[in-house]
Amino acid sequence: MRPAPPAPLPAPPAQPSAEPVKVREDGVVREVAVPPLARPVRRGSLAGIPFDNAREAPDAVVLSRKRPATGRNAEPGAARGRRGGGRTGSGAAWQDVTAAAFAGEVLAVAKGLIAEGLRPGDRLAIMSRTTYEWTLLDFAAWAAGLITVPIYPTSSAFQARWILQDSGAVACVVEDGIQARMIGQERDRLPGLTRLWTVERGAVDTLCAAGREVPDDEVTARRAALGPDSVATISYTSGTTGRPKGCVLTHGNFFAEVDNAIELLHPVFKAPGQARYAPPAPSHAGDPHDSSSPHDSSDPSNLSDPHDSATPSDPHDSATPSDASGTLSTLLFLPLSHVFGRMVAVACLRARVRLGHAPSIRTEDLLADLAGFRPTFLLAIPYVLEKVYNTGRARAERMGRGASFDRAARIAEAYGAAVEAAGHGEGPGPSLGLRALRALYEPLVYRRIRGALGGRVKYVICGGSPLGRRLAAFYSGAGVMTFEGYGLTETTAASTVTPPLRPRLGTVGWPMPGTSVRIADDGEVLLRGGQVFAGYWDAGRGEAVRVLEPGPDSGPGSAEGWFATGDLGALDEGGYLTITGRKKDVIITSSGKNIVPAPLEDWLRAHPLVSQCLVVGDNRPYAAALITLEPEGLAHWRLMRGKQGAPLAALVHDKELRGALQRAIDEANRLVSRAESIRRFRVLDVDFTEEAGHLTPTLKLRRAAIAEGFAAEIAELYA
């Protein structure tokens, strides 16, 4: 069975309203919905994306990968599927991969997986850092009719074994020999795992060689058997309170998420002058009235700031977010084992945005990759933006220009706030004086901040935890628009996002197009939309088990019910969502006061001296905190105060250091009432780490493990 030829594109629909539909109960906004901007996909799967791209734009550059090293460290299979041209900068070289070349690689690897005996519906696990091969294997597995199972590259043997056992994976691809040995030692407990390949040992070449005799039509037939309801991946949660749960995400879940994201965030995914959104029609579409892609040729809103004065020209800092060839691009450094990174990778292939991979998040490696790749937008967690800001502040202080940096930061924050107010009709925008001051600090501070992100970044999609109003305003004023979002593994990443031109700093925005948000009676956030998962994986039944809750307009067990997120939040009068914390994390003091720790912890983690913070106080008379120190921030603090030689064990009791942390806590306490404030704190001489079991692979706190490991320190806070 061959996929049907693409249907002619239907006439574009009328532009749907971008305004949220709000439902009030007792005078309070309890529910918000935003209509979809993309037509739902009714046929086809993610497996068709590389082949659609190759058919419609074979020479389009869809990926870039680092030029391979020569000699013994050369990357296996690196020379295959690439164009001759490359991009260089700051010691790095990137080789372009065209749509035709990538589709050829996907086909070859898919045939290899088939030759190795993998059948439709089999689970293929991938354990690797963020690499080109990860994305290649993902699409190749889908083309072979398989279901991919991500495993975090930092997982322990026990964690990896649990996911492999629970998912029933029959094959696994790992990145290096260390991971291969770790999985190999567990093989006796994994009787269903029949194949184990290692990328560094030529896994891609091995699979391509194995599949040479498999006819292309076999892959075509497997692709044709997939539809939007077919399972694409089983993605496991980070397991903050117990064992990770497998979230069953379908091809349709990804399409609902990705297509609406591309449509909404038009300047991120489409170069200036292009139609608002026209991703390739899937090769499975056979009905001209049943297109899988939204089409809207109306002129997009210009996301540039109308009050923004021209800044000094810089050939390395283009005003338009595309490179010299007009190509939009991003460098992905967040793990592809997390659904947030995976969703953006799929969106880039869907929209033909040049995608690169950065496997190392060490500061020096990442900065070099950013400088060499020079992306136009980034996917980041708040920690990255905090790090760039704090590093810039520390560098200025070492040069004796700390006060100048602080003034530039205040100007950027004021500028960003003025732009926000103008977007809501609450002000005229930045004044002439403010625009002049911003222009003054543009070459001195703001361009350097953007330079740390590669020099051409205009947009950042930020998630994972709250960015905070202050930092969001600063980056807006510095020329980087942040789209802050909220979502979970169960919702295929984002369920809400900052609406373009209508940001409300400090919130996570409106629902994604096609999504509804409701606040339950107890404050829990409920979600509904096409990206909400099929259910949790039941290993015994070998299928997903739905867990949706009935809503006010849906009967018990209805597929139109709501997903209870476990997060607490509130909707304001404009329909913007604010997340206040996790339902399970609520602290109840001995006096019965409820304390949500997340706002306090998030604020303190943004401080340059703070690495991690855990607020405690359950069944105690007041809230207290354990604080760990950020190594780079502490090193700078030592240098500026001549305390380089002081041992860390003594430094945690240093009055000057504790004074700086107390001032930070005083600032954080302004967010809450006196009864909810942090009264005492303890500085630890060790950090919370994933290796010690304190953090999940996504750097979320394992509260119970930390409380157990530091029980004595917590007891001292209440002595």
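Note that the structure is a prediction, hence the values are computed from the model and not measured. (Residues numbered from 1 in each chain as written. Predicted model: local features only at pLDDT ≥ 70, side-chain atom pairs only at ≥ 80, totals over all residues. Heavy atoms only, no water.)

K.L.:
Tell me about the overall build of the protein chain, and name the residues and values.
P.N.:
The helix and strand inventory of the protein chain stands at 21 helices and 29 strands. If you take every contact in the protein chain between residues at least 6 apart in sequence, the share linking residues at least 24 apart comes to 70%. By element, 53% of the accessible surface of the protein chain is carried by carbon and sulfur atoms, the whole surface being about 28700 Å². (Helix = DSSP H or I, 4+ residues; strand = E, 2+ residues; numbered from the N terminus. Contact = heavy atoms within 4.5 Å. Areas by Shrake-Rupley, 256 points an atom, 1.4 Å probe, with all protein chains shown as cover.)

K.L.:
Give a description of the side chain of E676 that names residues and reports values.
P.N.:
As for its position among the elements, E676 is in the loop between helix 19 (655-669) and strand 29 (678-683). Within the local environment of E676, its side chain forms a polar contact with the side chain of S673, the two groups lying 2.8 Å apart. Discounting chain neighbours no more than four positions away, the residues touching E676 are K593, N594, I595, L600 and A623. (Polar contact = N/O pair within 3.5 Å; in protein donor to acceptor, adjacent residues only side chain to side chain.)

K.L.:
Let's hear about the pattern of salt bridges: which residues, and what values?
P.N.:
Within the structure shown, the criterion is met by 41 salt bridges. In this structure, the salt-bridge partner of D654 is K643, at a minimum N-O distance of 2.8 Å. With D654 in the loop between helix 18 (648-651) and helix 19 and K643 in the loop between helix 17 (631-641) and helix 18, this pair connects stretches of sequence that are 11 residues apart. Sharing partners across several salt bridges, the network here consists of E25, R30, E31, R518 and D521. (Salt bridge = Lys/Arg side-chain N within 4 Å of Asp/Glu carboxyl O.)

K.L.:
Can you tell me about unusual backbone geometry, naming the residues and giving the values?
P.N.:
Phi is positive for L501, which is not a glycine, with a value near 70°. For N619, which is not glycine, the phi torsion reads 60° and is therefore positive. Positionally, N619 belongs in the loop between strand 27 (610-616) and strand 28 (623-629). Judged by its relative accessible area of 63%, N619 falls in the exposed class. (Buried < 20%, exposed > 50% of the residue type's maximum accessible area, 1.4 Å probe, protein only.)

K.L.:
A description of the packing of aromatic side chains should follow, citing residues and the corresponding values.
P.N.:
All told, the structure shown has 15 aromatic pairs when counted by the stated rule. With a centroid separation of 4.9 Å and an interplanar angle of 90°, the aromatic rings of Y389 and F474 are classed as edge-to-face. Here F474 lies in helix 15 (residues 469-477) and Y389 lies in helix 12 (residues 382-398), a separation of 85 residues in the sequence. Residue classification places Y389 among the buried positions, given a relative accessible area of 10%. (Phe/Tyr/Trp six-rings, centres within 6.5 Å; stacked < 30°, edge-to-face > 60°.)

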